[in-house]
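# What the coordinates show
Residues per chain are reported as follows:
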Amino acid sequence: MATYKGVEIDDALHGLIRHMSGVEEYRETLQNLQSVWDNLSLLGQLSGTGGDMNGTRADFQRLSGNLLDNLGRETLRKTVQEMKSKAQVAVDIMIRNLFERTADIGFLATDEDIRQYLAGLAAGTADMSERARLEERFREYVRKYSVYSDIILLDTDGHVVARLDAGNPVERSRDPLIAEALTTQQAYVETFRPTDLQTEEASPLIYSYRVTDANEVALGVLCLCFRFRDETDGIFANLSGPDDWSVIALLDQDGRVIASSDGWHLPVGAVVACVLERDWAVCRFAGRHYLATTRPTQGYQGYVGPGWRGHVMVPLEHAFERTDGGSLDRIDADILHGVMASSALFDSALQAIPAEADKIQRVLNRSVWNGNVRHRADNKSLNPAFSKVLLWEISNTGLKTKDVFERSIGNLHETVVSAILQNSRFLASLAIDIMDRNLYERANDCRWWALTSAFREHLTAGGGGGRAEAIAAILAYINGLYTVYENLLVFDRHGRVIAVSNSDYGDLAGQVLQEDWVRQTLNPRDSQSYTVSGFNATPLYRNRATYIYAAAVRSPDGRQTVGGIGIVFDSEPQFAAMLRDALPRDEHGETVPSSFGVIAQDNRRIVASTRPDLAPGTELDIPDEYLEASDGHSGIIIHQGHYYAVGVCPSRGYREYKGATDAYRNNVSAFIFVPLGKVVARQAGAAETPTRPTLASTARDSDGEGVEIATFHVAGQWLGVYSDSVIEAVEARGVTSVPGARRNLFGYAMFRDQVMPVINLAVLLGVEAPLSRAAMAGKQIVVLKDAREDEFIGLLVDQLGEIPEVPLERIEKLGAMMGGADQLADSMVKKREGESNSQMLVLLSVERVRARLHALHLLAEAGAAAELSAAR
């Protein structure tokens, strides 16, 4: 343990806690209260008030240390968890994108138009018009796959023979990637470094592979240049807010920054310390200290990319700034109360602090209460009036200290719940972003594959003979590269299936497809048009629901539609994987238990979920507000007996997909459900803790004679006895029921080595109040003098009140007509003007209490005798 300004804290917090403004604020408040405790203790000793405050002071000081240590650790945990999430998402989103690029280069390198052009160059038959046609094809490709900035085709000697970027003057490259692409045994070559192919970027990301003829003889090398900066800017923008001090970066394996959300703060090319062996570290960079974390990619379908890592660092002085995690004002008060009372949000040590503070406060209240009683009895105080005020101030200071504990933990609860709501909405945004990015690729794939020359030629020729086998072979090759599809199929202008990629669906060949999406596909606007089926069950997906993306196939001259291509998305595993990747994680990187994700349409129809009981096609039971939020929403709901934080985000598209130039719309939203605890019904009839009357509410307002009254609370009523009848109050423990007596009405306890009868006043007031150990927690026993000085009577009460001095004229005797023979009350304290809402103080008669106790003894003896007789 380390020490910070007199408080013991976890070693991990050393050097950090001073930057936690919320924790520091409470530390200063508690330190000021500690000074008050010191002064009150000294005044108590000087005034002769009595009562040793050292134990209470030490207990509160110990608890203060526990509180600040726990608050500090919770603040650190919350901050680090948010940083880790951002770092993980940054690298994983990029890796998902690059996975698609590895498939693109594999397929485009087999494009027949590219092959024929390179073969013509080798034979000396190709001319500039053919290059122009190929470069126009490149432009058509990038119109669909806008993630690429350039497409470069080179011969085996490195000469540039076709290129999308006509403004680039490079005519020949000597980059080693050419030789590697010509000889590699892998499916692609991935390079991220300076190259003479693209001099305007310091380190372009290029995917390359050889182009071969039918005999696998290399004809040249194809390169796809990825818009790396453009993509990272978009990722970082989605992860950062306007008031966010965190810097998000991608690092290479050497810890070098390859992309940064703030190039002035953390420039590209800088080398930083990777934090991989632990969750966080304090690192120094450019003369400043940062809280930092680094996350390796989780990969996607076995692909882990170039070995990059996500990295987040925050200036230490801003790392723990409190941010508005989302207002809780719109949350139903009862639901919010239930969530705050849940034990699922904090560890047991933090949860125990309010109970410990309450226990210390009860001991302190009893000590002050007994101090007031003793003043009346022995009058040893040098200044009784001052002593009473001092005792009141001691109790009030205890309440203030306890209030700090409760407020700090209450505020932390609110902060944590707000952060969970914010995170659930962020994760929903992540889930829908992953979905939009993925389906963007599907819309591109169908349109580009529809431009495959073999499909166009074979369908124009009628698709008969061996043409169907040729089309099937191409489809199977594509499906092998793009594994997110269950099946690919090509159909003619009548909707008749010509070929499929998945032999399991071979019986579809020759069948005519009647679905609406087929008719729409065969009537396109232009080469950018595509069609998407509704999310419906279809025999093309074994009668399960999915999306089918389709595009028209045109004749080689482009004048007529000769058929179409449909690609059947393997929705069940793909959507489930997207949702799993967006679920919240704990500090160990494991999915938070009982959390789940759902993708649903605006009519509540479920598209996918991570729970088997929420199957696709069923309806999601969610309030309308979550479906109508156009810009995302978060809140708390009750689902199957548990509280859940729910974040929702509607689909917003990605790049051109669902953008202003895209006619396709599909109103779906992602929902992330994070458990907050089990719903526990409040106990019926549970009494609320009464408001303690203050000294001012019962202060003397005349010069007449007054009397001190020792007050207490029982079953919601404010009761009292004259203080000269009281010995003291003790903690209620070890109360034993009397056999034969009315259930729980009275029992016995030890006091000053004597057996003392105890009356359970709550039972007399008609409230079920058992004498079990659990029921005794927090209760007190007010000890009264019996008729004989060496005997005592105990009254079991819920809470001790004040001991005010009340003018005699305000005490009014109760007449016989206002009660019966069993009445214990003797009189009442009249309200003053303006006290109409205050509680009435009822005074008990000690003599009547003694009489009732005597009657109870007789009943108990009679009951015991009856039981003995029956036993015989």
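This write-up is about the structure you can find in this document. As the structure is a prediction and not an experimental result, all values here were calculated from the model. Numbering of residues starts from 1 in each chain and follows the order in which that chain's sequence is written. Reporting of local features is limited, given that this is a predicted model, to residues whose pLDDT is at least 70; pairs of side-chain atoms are given and counted only at 80 or more, and all residues count toward the totals for whole chains, interfaces and linings. The side-chain values count all of the structure's non-hydrogen atoms but skip hydrogen atoms and water molecules.

In DSSP terms, a helix is any run of H or I states spanning at least four residues, a strand is any run of E spanning at least two, and both are numbered starting from the N terminus. Along the polypeptide, Arg 210 turns up in strand β6 (residues 205-212). Identification of polar contacts relies on pairs of N or O atoms within 3.5 Å, with a donor-acceptor requirement for protein atoms, meaning one able to donate a hydrogen and the other able to accept it, and with residues adjacent in sequence counted only if both atoms are side-chain atoms. A distance of 3.5 Å separates a polar atom in the side chain of Arg 210 from the backbone oxygen of Leu 182. At 2.9 Å, the side chain of Arg 210 forms a polar contact with the backbone oxygen of Thr 184. Apart from residues no more than four positions distant in its own chain, Arg 210 is found in contact with Ala 109, Ala 181, Leu 182, Thr 183, Thr 184, Gly 220 and Val 221. Whether two residues touch is decided by their heavy atoms; if any such pair falls within 4.5 Å, the residues are in contact.

Turning next to the sheet that holds strand β7 (residues 218-226). A pair of strands is considered paired only if DSSP assigns at least 2 bridges between the two. Taken in spatial order, the 5 strands make up an open sheet running β4-β3-β7-β6-β5, and their pairing is antiparallel. Across the chains shown, the open sheet's two edge strands, defined by having one partner strand only, are β4 (160-163) and β5 (189-192). Sheet twist, expressed as the average angle between the axes of neighbouring strands with direction ignored, equals 25°. Bridge analysis of strand β3 (residues 148-155) against β4 gives 3 bridges, and the strand direction is antiparallel. The residue of β4 that forms the bridge with Leu 154 is Val 160. Lines fitted to the C-alpha atoms define the axes, with helices restricted to the stretch that makes contact. Angles between their N-to-C directions range from 0 to 180 degrees.

Strand order in the open sheet formed by 5 strands is β9-β8-β12-β11-β10, and the pairing between neighbours is antiparallel. Because the sheet does not close on itself, it has two edges, and the strands there are β9 (257-260) and β10 (281-285). Each adjacent strand pair in this sheet contributes to an overall mean axis angle of 35°, direction not counted. Helix α2 (residues 54-108) contacts β8 (247-251), β11 (288-296) and β12 (309-315) of the sheet and is inclined by roughly 50° relative to β11. Across the sheet, helix α6 (residues 228-239) is in contact with β8 and β9; its angle to β9 comes to roughly 55°.

Of note, Ile 360 is situated in helix α8 (residues 348-378). For Ile 360, the contacting residues outside a window of four places in its chain are Thr 56, Asp 59, Phe 60, Arg 62 and Leu 63.

For the rest of this paragraph, the subject is the packing of α2 against helix α11 (residues 467-481). Closest axis-to-axis distance for the α2/α11 pair is 9 Å, and the angle between their directions is 155°. As judged from the angle between their axes, α2 and α11 are roughly antiparallel. Helix-helix and strand crossings are classified by hand; for α2 and α11 the assignment is right-handed. Taking contact as the criterion, the partners of Ala 103, Gly 106 and Phe 107 in α2 are, on α11, Tyr 477, Ile 478 and Leu 481. Gly counts as polar in this scheme, as do all residues outside two lists: the nonpolar Ala, Val, Leu, Ile, Met, Phe, Trp, Tyr, Cys and Pro, and the charged Asp, Glu, Lys and Arg. Grouping the amino acids of the contact of α2 with α11 by side-chain chemistry returns 5 nonpolar, 1 polar and no charged. Should an angle fall under 35 degrees it is taken as roughly parallel, and over 145 as roughly antiparallel, whereas 65 to 115 is taken as roughly perpendicular and any remaining angle as oblique. Note on convention: the crossing is left-handed when the near helix lies turned anticlockwise from the far helix by less than a right angle, right-handed when the turn is clockwise.

Turning our attention to helix α3 (residues 112-123). For an α-helix, the turn length of 3.6 residues means that residues three or four places apart are oriented alike. For α3, with 12 residues, the first-to-last C-alpha span of 16 Å sits near the 16 Å given by 1.5 Å per residue. For the exposure calls, accessible area comes from a 1.4 Å probe over protein chains only, and a residue counts as buried if that area is under 20% of its type's maximum, exposed if over 50%, partly exposed in between. All buried positions along α3 are accounted for by Ile 114, Tyr 117, Leu 118 and Gly 120. Viewed end-on, α3 has its buried residues packed into an arc of 155°, placing them on one side of the element. Turned more than 90 degrees away from the buried face of α3 sit Ala 122 and Ala 123, all of them exposed. Gly 124 sits one or two residues past α3 and shows a positive phi near 80°. Helices are assigned an expected span. That span is 1.5 Å times one less than the residue count. Throughout, the arc means that of the directions going from the helix axis to the C-beta atoms.

Attention shifts here to the pairing of strand β32 (residues 792-797). The element β32 is extensively covered by neighbouring structure, given that 6 of its 6 residues are classed as buried. Burial along β32 is two-sided: Phe 792, Gly 794 and Leu 796 and Ile 793, Leu 795 and Val 797, pointing in opposite directions, are all buried. Taken together, the 3 bridges between strand β30 (residues 754-760) and β32 define a ladder with parallel strand orientation. Across the sheet, the residue bridging to Asn 760 is Leu 796, located in β32.

Where burial is concerned, most of strand β23 (residues 642-650) is hidden: 8 out of the 9 residues are buried. As paired strands, strand β22 (residues 633-639) and β23 are joined by 7 bridges and run antiparallel to one another. Note on β23: the bridge partner recorded for His 639 is His 642. A loop of 2 residues connects β22 with β23, the two strands running antiparallel in sequence, and Gln 640 in this loop sits at a positive phi of about 50°. As judged from the 9 bridges shared by β23 and strand β24 (residues 668-678), these two strands associate in the antiparallel manner. From the neighbouring strand, Val 646 faces β24, where its bridge partner is Phe 673.

We now examine the pattern of salt bridges. Salt bridge, as applied in this entry: a Lys or Arg side-chain nitrogen positioned within 4 Å of an Asp or Glu carboxyl oxygen. With the rule as written, the count across this model stands at 36 salt bridges. Ionic pairing is found between Arg 407 and Asp 403, a salt bridge with its closest N-O pair at 2.8 Å. Of this pair, Arg 407 and Asp 403 both sit in helix α9 (residues 384-449), 4 residues apart, which is roughly one turn of the helix. Asp 403 gets classed as partly exposed once you look at its relative accessible area, which sits at 32%. One connected set of salt bridges, linked through shared partners, spans Asp 230, Glu 231, Asp 433, Arg 437 and Arg 655.

Here the focus is empty space enclosed by the protein. Empty space among the atoms can be located by rolling a probe the size of a water molecule over them. Lining residues are defined by having an atom within 4 Å of a point belonging to a cavity or pocket. Those points lie on a 1 Å grid over the protein atoms alone, cavities being sets where a 1.4 Å probe fits but cannot get out and pockets being open sets with protein on both sides within 12 Å along at least five of seven lines. Grid points are joined across faces, edges and corners, and a volume is the space filled by probe spheres set on the points. A full pass over the atoms with the stated rule returns 6 cavities of 30 Å³ or more. Roughly 120 Å³ of volume is contained in the largest cavity. Contributing elements (two or more residues each) for the lining of the largest cavity: α2 and α9. Tallied by class, residues from the lining of the largest cavity come to 4 nonpolar, 2 polar and 4 charged.

So, on to the packing of aromatic side chains. Each aromatic pair joins two rings of Phe, Tyr and Trp (for Trp, the six-membered one) with centres within 6.5 Å, and gets the label stacked for planes under 30 degrees apart, edge-to-face for over 60, and tilted for any other angle. This structure, assessed with the given rule, holds 25 aromatic pairs. Aromatic side chains Phe 107 and Trp 449 sit 6.1 Å apart centroid to centroid with 75° between the ring planes, which places their arrangement in the edge-to-face category. A residue pair is termed long-range when its members are at least 10 positions apart, and Phe 107 in helix α2 and Trp 449 in helix α9 qualify at 342 residues. Owing to a relative accessible area of 7%, Phe 107 belongs among the buried residues under this scheme. Aromatic ring contacts, followed pair by pair, group Phe 99, Tyr 188, Tyr 207, Tyr 300 and Tyr 303 into a single cluster. When the ring centre of Tyr 541 is taken as origin, the NZ or CZ atom of Arg 544, which lies over that ring, is 3.8 Å away. Look at NZ for Lys and CZ for Arg. If either is within 6 Å of the ring centre and within 35 degrees of the ring normal, a charge sits over the ring.

On to the nonpolar core, then. In this structure, Leu 153, Trp 449, Tyr 547, Tyr 549, Phe 575 and Ile 636 are the most contacted members of the largest nonpolar core, which totals 160 residues. When residues in this core are grouped by element, the largest group, 24 residues, is from α9. The contacts of Phe 575, once residues within four sequence positions are left out, are Met 435, Leu 439, Phe 535, Tyr 547, Phe 569, Ile 599, Val 607 and Ala 608. If you look at the next biggest cluster of nonpolar residues, it comprises 32 residues, including Val 782, Leu 784, Ile 793 and Leu 824. Buried residues of nine kinds, namely Ala, Val, Leu, Ile, Met, Phe, Trp, Tyr and Cys, make up a nonpolar core once their side-chain atoms join them within 4.5 Å.

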